[in-house]
Amino acid sequence: MAMKLHEYQAKQVFADAGIPTPASQLASDVDGAVAAAEEIGYPVAIKAQVQVGGRGKAGGIKLVDDEEEAREAADEILGMDLKGYHVGSVLVEEAVDFTNELYVGITMDRGEGKPVAMVSTKGGVDIEQVAEDDPDAIAREHIDPAFGMHPYQARKAVYDAGVDQAIARDVSSVLTTLYQLWDDRDGADAEINPLMVTADDEVIAADAVMNIDEDALFRQPELAEMEAEAASTGDELEQKADEYGFDYVRLDGNVGIIGNGAGLVMTTLDLVDHYGGEPANFLDVGGGAKAERIANALDMVFSDDNVDSVVFNIFGGITRGDEVAKGINEALEQFDEIPKPVVVRLAGTNWEEGMEILNEDLVTVEQTLESAVQRAVEYAGEVNDQ
Ligand code: GDP
Ligand code: MN
């Protein structure tokens, strides 16, 4: 598997290697974003940090000229759902006044079994689309990993792509550096799209992608640290989970899952998948699931915009089923309206008492784990059909 760095992390790696990047600062709240913009100076680009491309088109990138616009843009982008990803932080970046957008990238050509360097003057847009519509617009140069990229190979790719003479040297040098990074860092892809060209013939990496082979992370402690950060940075829910002391992992789906015990939660996840649903999270409330913990867990899944339904899978052990049921009732009674349908399945100590206590005006009670999961998947599907 390959893991993807955030743009700001990939840019850091590129900048450290000497590739020109715009001045930028990471922010995870609106005030922080505005402060960063003031420090950098307007205009700035405010860019959602999610590990997915096409953010521009999806509304995750805004250019702003003053404080008011910066505040508005940061407020809009932070917390938004971008192609199924929650935006927990933005990169505030000096806007580049560009005349052209290029593409440069290194990837593994599986057919040839060799890395390939690619250059195109059709940067700034979806490069896969360019490859499909106009394959000749991308110059390619295969590299023998035993020898690395020769300078003439970089120059040839840049020349073949039809890059302007005035910047050819700088683009070649960026490409060479990118290959070295790719090689040193066990890169699966390293890509700059766009590599912006300014009116005075400077080139600057306005976007940065770096995918790393997960199996190589043990050789790359610095990148491994970045990965851990990428998984948690700015994600309010993950911070909340830390505060509550829950084991929590955010996933891409829309069925919220709450359980006690890692094995039980994993089983629930697998079943959601089995019944055609997509888990929104892994949430283990741990032992001793008292009312307050239940309420905190509900708070977590309810505040995840991606969640459309919730399934509780609780096994009564130390905490008895009737206590859990009371906790669920108490937590849900606080709402005038339950934000998302909740399905509960109890097992273990005092589960029958628990089932009787549960207020069926607030939750759907199911006897088996299978039926509970099926019900939750159905609810989530109904929301999506609307
Ligand atoms: P992506 O959509 O996720 O690939 O994000 P990019 O960082 O590649 O940005 C997409 C597009 O937004 C770029 O091709 C530019 O047209 C525009 N953009 C991004 N940063 C800047 C900037 O600093 N200045 C200007 N003028 N446009 C920018
Ligand atoms: Mn891009």
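Along each chain, numbering runs from 1 in the same order as the chain's sequence is written. Going through the entries in the order they are written, you letter the chains from A and number the ligands from 1. Since the coordinates come from a predicted model, pLDDT governs what is reported: local features require at least 70, and pairs of side-chain atoms require 80 or more to be given and counted, while whole-chain, interface and lining totals use all residues. By convention in this description, side-chain values take in all heavy atoms of the structure and omit both hydrogens and water.

Novice: Looking at this model, I keep getting lost on the layout of surface pockets. Mind explaining?
Specialist: Take a probe with the size of a water molecule and roll it over the atoms, and the empty space left behind shows itself. One number sums up the size of the largest pocket: a volume of about 990 Å³. Grid points spaced at 1 Å and placed over the protein atoms alone form the basis of the search, with a cavity being a set where a 1.4 Å probe fits but cannot get out and a pocket an open set showing protein on both sides within 12 Å along at least five of seven lines. Lining residues have an atom within 4 Å of a point. Considering the residues around the largest pocket, the lining is formed by 39 residues, among which G54, G124, N193, P194 and D207 are closest to the centre. Starting at the N terminus, helices and strands are each numbered in turn, a helix being any DSSP run of H or I of at least four residues and a strand any DSSP run of E of at least two. Elements supplying a minimum of two residues to the lining of the largest pocket: β3 (44-48), β4 (61-64), β7 (90-94), β8 (98-109), α4 (127-133), β11 (187-198) and β13 (209-213). A per-element tally of the lining of the largest pocket places β11 first, with 4 residues. When the residues that make up the lining of the largest pocket are grouped by side-chain class, the tally is 19 nonpolar, 7 polar and 13 charged. Domains are outlined according to an automatic or database domain assignment. In this structure, the lining of the largest pocket is formed jointly by two domains, domain 1 (23-94) and domain 2 (98-224), each of which donates at least three residues. Grid points are joined across faces, edges and corners, and a volume is the space filled by probe spheres set on the points. Residues were grouped as follows: Ala, Val, Leu, Ile, Met, Phe, Trp, Tyr, Cys and Pro as nonpolar; Asp, Glu, Lys and Arg as charged; and all remaining residues, including Gly, as polar.

Novice: Any chance you could explain the UniProt feature "binding site: ATP" (unreviewed entry) in the protein chain here in plain terms?
Specialist: UniProt positions are given in the numbering used here, feature names are shortened, and annotations may be inferred rather than shown by experiment. The UniProt record marks K47, G54, R55, G56, E93, V96 and E101 with the feature "binding site: ATP" (unreviewed entry), using the residue numbering of this structure. Cross-referencing the annotated residues with the largest pocket identifies K47, G54, R55, G56, E93, V96 and E101 as lining it. Mapped onto the elements, V96 comes out in the loop between β7 and β8. Here, residues are in contact when the closest pair of their heavy atoms is within 4.5 Å. Ignoring sequence-local partners within four residues, the contact set of V96 consists of P22, M196, T198 and I204. Mapped onto the elements of the fold, E101 is located in strand β8. Burial here depends on accessible area, computed with a 1.4 Å probe over protein chains only, as a share of the maximum for the residue type. Under 20% is buried, over 50% is exposed, and the range in between is partly exposed. According to the relative accessible area criterion, E101 is partly exposed, its value standing at 23%. Filtering out sequence-adjacent residues up to four positions away, E101 remains in contact with T121, K122, G123, G124, P194, L195 and M196.

Novice: Which parts of the structure should I look at to understand the packing of aromatic side chains?
Specialist: Here a ring pair, both rings aromatic, is described through the centre-centre distance and the interplanar angle of the planes. Any pair of Phe, Tyr and Trp rings, taking the six-membered ring for Trp, is counted once the centres come within 6.5 Å. Such a pair is stacked with planes under 30 degrees apart, edge-to-face with planes over 60 apart, and tilted for the rest. If you walk through the whole model with that rule in mind, you get 3 aromatic pairs. Measuring from centroid to centroid gives 5.6 Å for Y244 and F246, while their planes differ by 55°, and the two rings are tilted. Note on F302 and F335: the rings are 5.2 Å apart at their centroids and 85° apart in plane angle, and the pair reads as edge-to-face. Taken as a pair, F302 in helix α10 (residues 291-302) and F335 in the loop between α11 (321-333) and β18 (342-348) lie far apart in primary sequence, 33 residues in all. Assessed through its relative accessible area of 9%, F302 is described here as buried.

Novice: Explanation requested: empty space enclosed by the protein in the structure shown.
Specialist: Per the counting criterion, the structure on display carries 1 cavity of 30 Å³ or more. Counted as a void, the largest cavity has a volume near 30 Å³. Lining of the largest cavity is provided by G79, M80, D81, H86, R250, D304, D305 and N306. Taken together, the residues that form the lining of the largest cavity break down as 1 nonpolar, 3 polar and 4 charged. When residues of the lining of the largest cavity are assigned to domains, at least three fall in each of domain 1 (23-94) and domain 3 (236-385).

Novice: What should I look at first to understand the packing of helix α8 (residues 236-244) against α10 in this one?
Specialist: Helix packing geometry: the angle between the two helix axes and the distance between the axes. At a closest axis distance of 10 Å, the pairing of α8 and α10 adopts a crossing angle of 175°. In this view, α8 runs roughly antiparallel relative to α10, as classed from their interaxial angle. Two secondary-structure elements touch here, α8 through L237, K240, A241 and Y244 and α10 through R293, N296, D299 and M300. Class assignment for the residues of the contact of α8 with α10 results in 4 nonpolar, 1 polar and 3 charged. To get an axis, fit a line to the C-alpha atoms, keeping to the stretch in contact for a helix; angles then go from 0 to 180 degrees between the N-to-C directions. By definition in this entry, angles of less than 35 degrees are roughly parallel, angles greater than 145 are roughly antiparallel, angles of 65 to 115 are roughly perpendicular, and the rest are oblique.

Novice: Help me out: how do you make sense of the coordination of the manganese ion (ligand 2) in this one?
Specialist: In the first shell of the manganese ion (ligand 2), the protein supplies N193 (O) and D207 (OD), at 2.2 Å from the metal. Here the residue N193 occupies a position in strand β11, and D207 occupies one in the loop between β12 (203-205) and β13, the gap between them amounting to 14 residues. For N193, a relative accessible area of 14% gives the class buried. We classify D207 as buried; its relative accessible area is 15%. Each metal site is built from N, O and S donor atoms within 2.8 Å (3.2 Å for Na, K and Ca), and since water is not included, such sites may look incomplete.

Novice: I'm lost on the domain arrangement of the protein chain in this one. Help?
Specialist: Reports often express the size of an interface as the amount of accessible area lost when the parts come together. Partitioning the protein chain into domains gives domain 1 (23-94), domain 2 (98-224) and domain 3 (236-385). When each unit is reduced to the centre of its C-alpha atoms, the spacing between domain 2 and domain 3 is 46 Å.

Novice: Looking at this structure, I do not really get unusual backbone geometry. What am I missing?
Specialist: Residue Y42 is joined to P43 through a cis peptide bond whose omega torsion reads -5°. Relative to the assigned elements, P43 resides in the loop between α2 (30-40) and β3. Here the bond from N193 into P194 is cis, since omega is 10°, no more than 30 degrees from zero. The residue P194 is located in strand β11 in this model.

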